[in-house]
Amino acid sequence: MTKVKKEKVSDGEEAAAAEAGGPERSYAELVAHLNPIAQPLASRKLSKKLYKCVKKAAKGKNIRRGVKEVQKFINKGEKGIVVLAGDTLPIDVYSHLPVMCEDRNLPYAYIPSKVDLGSSAGSKRPTCVILIKPHADYQDAYDECLDEVSHLPKPL
């Protein structure tokens, strides 16, 4: 039992592999692996806007990442948009967060992939929930996302 060394891949080859259908998965493939509680689900267009807003907020350290941290700051009364990953298993990990958001009138939406959510937040680890706080640096993108997420139909 010896270790197998990985071959180093140049940036050009890595980009070609990603375009050829490597680790990138389409929106339809991601939606196929969602939890039953993943409602309201953001559309493909809204998901991209949310990823961009998370990326901008992460630059200024204006996000809360992870179930414990988001839950703590929701209880403290912090405002923002809650973005949940729809492919998190087991669902018991974060199934209480939508109820907390509805009690405090916080807008929330599910997106299809926790891996994409974590990478847009500047992390190598997948993240199942993020709270985006409002800030002047990205206020226009935040307002646009807030408006669209607020108009998503809430589950029964």
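Residues numbered from 1 in each chain as written. Predicted model: local features only at pLDDT ≥ 70, side-chain atom pairs only at ≥ 80, totals over all residues. Heavy atoms only, no water.

(A) Representation of the sheet that holds strand 2 (residues 81-85) within the structure. Strand order across the open sheet formed by four strands is 1-4-2-3, with mixed pairing between neighbours. The outermost strands of the open sheet, each flanked by one partner alone, are strand 1 (63-65) and strand 3 (108-111). Strand-to-strand, the axes of this sheet are offset by a mean angle of 20°, without reference to chain direction. The sheet contact formed by strand 1 and strand 4 (residues 129-132) spans three bridges and is antiparallel. Residue pairing for strand 4: Ile63 is matched across the bridge by Ile132. Against the sheet, helix 3 (residues 44-59) contacts strand 1, strand 2, strand 3 and strand 4, and its axis sits at roughly 70° relative to strand 4. Packing of helix 4 (residues 67-76) onto the sheet brings it into contact with strand 1, strand 2 and strand 4, and relative to strand 1 it is tilted by some 125°. (Pairing = 2+ DSSP bridges. Helix = DSSP H or I, 4+ residues; strand = E, 2+ residues; numbered from the N terminus. Axes fitted to C-alpha atoms, helices over the stretch in contact; angles between N-to-C directions. Contact = heavy atoms within 4.5 Å.)

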